[in-house]
Amino acid sequence: MTEFEKMRRGLLYDYSDPEISDSLMHAKKMCAKLQSVSIYDDCYREMIEELIPEIPKDSVIVPPFHCGYGHRITLGHNVYVNYNCTMLDSGGITIGDNVLLGPNCQLYTPQHPFDYMDRRKPIETAYPISIGDDTWLGGGVIVRPGVKIGKRCIIGAGSVVVHDIPDDSLAVGNPARIKHKLASSSPYDD
């Protein structure tokens, strides 16, 4: 099994592996190029599609943007990722349709070993993050490895999400706690 296969399966993998290192370097170069463009520049769409293959045409990631690989990010339709977001996507990040991420959101899938001697080695595990349709993460939200955020949720600005959040929830704080359930339809729906 390759180190990439181990990474995809949530197993301990060696991130110094040449294939993984090459993929990380490609993403770093693409993110660096994105720093100097606007979403309105002609080259933006080509660059973001090289970094995140199959990104829908109606989804936008506003630079500056940082990610580990890019190709481990899956975005739904009509997603808006605001300025200065970081997605460490080794475990895979899946974002549903109509999702809003405020500025400075951080989605972290890697998990380093707890044993300090193992942390000296270039090894880690990674656990996927998923965010359901119609969810809004306020500015500065941090999402930890393996967390699933349901559909139609609101995560308050500055919150740290360490546990799964069920559909239709408003969660805030560090750690984020559910404050109440949200109505599953808008008062403007007829």
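Residues numbered from 1 in each chain as written. Predicted model: local features only at pLDDT ≥ 70, side-chain atom pairs only at ≥ 80, totals over all residues. Heavy atoms only, no water.

Novice: Go over the overall build of the protein chain, please, and point to the residues and values.
Specialist: Within the protein chain one finds four helices and 19 strands. In terms of overall size, the protein chain behaves like a compact globule, its C-alpha atoms giving a radius of gyration of 17 Å where 190 residues would be expected to give roughly 16 Å. In terms of principal-axis extent, the alpha carbons of the protein chain reach across some 55 × 45 × 25 Å. Taken across its 190 residues, the protein chain has 44% of its residues classed as buried. When contacts within the protein chain are restricted to residue pairs at least 6 apart in sequence, those whose partners lie at least 24 apart make up 26%. A total accessible area of about 10000 Å² is found for the protein chain, and carbon and sulfur atoms account for 53% of it. (Helix = DSSP H or I, 4+ residues; strand = E, 2+ residues; numbered from the N terminus. Rg over C-alpha atoms; globule rule 2.2 N^0.38 Å. Buried < 20%, exposed > 50% of the residue type's maximum accessible area, 1.4 Å probe, protein only. Contact = heavy atoms within 4.5 Å. Areas by Shrake-Rupley, 256 points an atom, 1.4 Å probe, with all protein chains shown as cover.)

Novice: Hey, could you go over the pairing of strand E19 (residues 177-181) for me, with residue numbers and the actual values?
Specialist: Regular strands show a simple pattern: their side chains alternate between the two faces of the sheet. Little of E19 is tucked away: zero of the five residues are buried. Pairing analysis gives four bridges linking strand E18 (residues 169-172) to E19, with the strands arranged antiparallel. Bridging across to E19, Ala171 finds its partner in Ile178. Following E18, the chain reverses through four residues before pairing antiparallel with E19; Gly173 in that reversal takes a positive phi of roughly 105 degrees. (Pairing = 2+ DSSP bridges.)

Novice: Lay out the layout of surface pockets with the relevant residues and their values.
Specialist: Reported here for the largest pocket is a volume of approximately 280 Å³. Forming the boundary of the largest pocket are 16 residues, of which Leu24, Lys28, Cys67, Gly68 and Leu88 lie nearest the centre. Considering every element that reaches the lining of the largest pocket, the biggest residue donor is helix H2 (residues 18-34), with three residues. When its residues are assigned to classes, the lining of the largest pocket shows eight nonpolar, five polar and three charged. (1 Å grid on protein atoms, 1.4 Å probe; cavity = no way out; pocket = protein on both sides within 12 Å on 5 of 7 lines; lining within 4 Å. Points joined across faces, edges and corners; volume = space filled by probe spheres on them. Nonpolar A, V, L, I, M, F, W, Y, C, P; charged D, E, K, R; others polar.)

Novice: Please set out the nonpolar core residue by residue, giving values where relevant.
Specialist: In this structure, Leu51, Phe65, Met87, Ile95, Leu107, Leu137 and Ile149 are the most contacted members of the largest nonpolar core, which totals 41 residues. Elements represented by at least two residues in this core include exactly H2, helix H3 (44-51), strand E2 (60-61), strand E3 (65-67), strand E4 (73-75), strand E6 (85-88), strand E7 (93-95) and strand E12 (129-131). Contacts of Met87, omitting those with residues within four sequence positions, involve Phe65, His66, Cys67, Gly68, Ile73, Val81, Ile93, Ile95, Leu101 and Leu107. Residues Met7, Tyr13, Ile20 and Tyr69 belong to the second largest nonpolar core, which totals six residues. (Core = buried A, V, L, I, M, F, W, Y, C linked by side-chain atoms within 4.5 Å.)

Novice: Describe a nonpolar patch on the surface, naming the residues involved and giving the relevant values.
Specialist: The grouping of Tyr80, Leu100 and Trp136 at the surface amounts to a nonpolar patch, some 290 Å² of accessible area in total. Tyr80 gets classed as partly exposed once you look at its relative accessible area, which sits at 32%. (Patch = residues over 30% accessible without salt bridge, like charges linked within 9 Å, V, L, I, M, F, W, Y side chains within 5 Å. Salt bridge = Lys/Arg side-chain N within 4 Å of Asp/Glu carboxyl O.)

Novice: Give me the lowdown on the pattern of salt bridges, citing residues and values where you can.
Specialist: Evaluated as defined, the whole model comprises four salt bridges. Notably, a salt bridge pairs Glu3 with Lys6, separated by 3.0 Å at the nearest N-O pair. Highlighted residues: Glu3 and Lys6, both in helix H1 (residues 3-8), separated by three residues, approximately one helical turn. On the accessibility criterion, Lys6 (23% relative accessible area) is partly exposed.

Novice: Which residues make up the sheet that holds strand E14 (residues 142-143), and what values do they have?
Specialist: With parallel pairing, five strands are arranged side by side in an open sheet as E3-E6-E9-E14-E17. Each edge of the open sheet carries a strand with a single partner, namely E3 and strand E17 (160-161).

Novice: Give me H2: which residues, what numbers.
Specialist: Helix length check: H2, at 17 residues, gives a terminal C-alpha distance of 24 Å against a target of 24 Å (1.5 Å per residue), a fit within 8%. Within H2 the residues assigned to the buried category are Ile20, Ser23, Ala27, Met30, Cys31 and Leu34. The arc that holds every buried residue of H2, seen down its axis, measures 100 degrees, which confines them to one face. Across H2 from its buried face, at more than 90 degrees, point the exposed residues Pro18, Asp22, Lys28 and Lys29. (Expected span 1.5 Å × (residues − 1). Arc of directions from axis to C-beta.)

Novice: Mind laying out H3, listing which residues take part and the relevant values?
Specialist: Within the sequence span of H3, burial applies to Tyr44, Arg45, Met47, Ile48 and Leu51. The buried residues of H3 occupy one face: seen down the axis, they fall within an arc of 165 degrees. Buried residues in H3 make contact with H2, E2 and E3.

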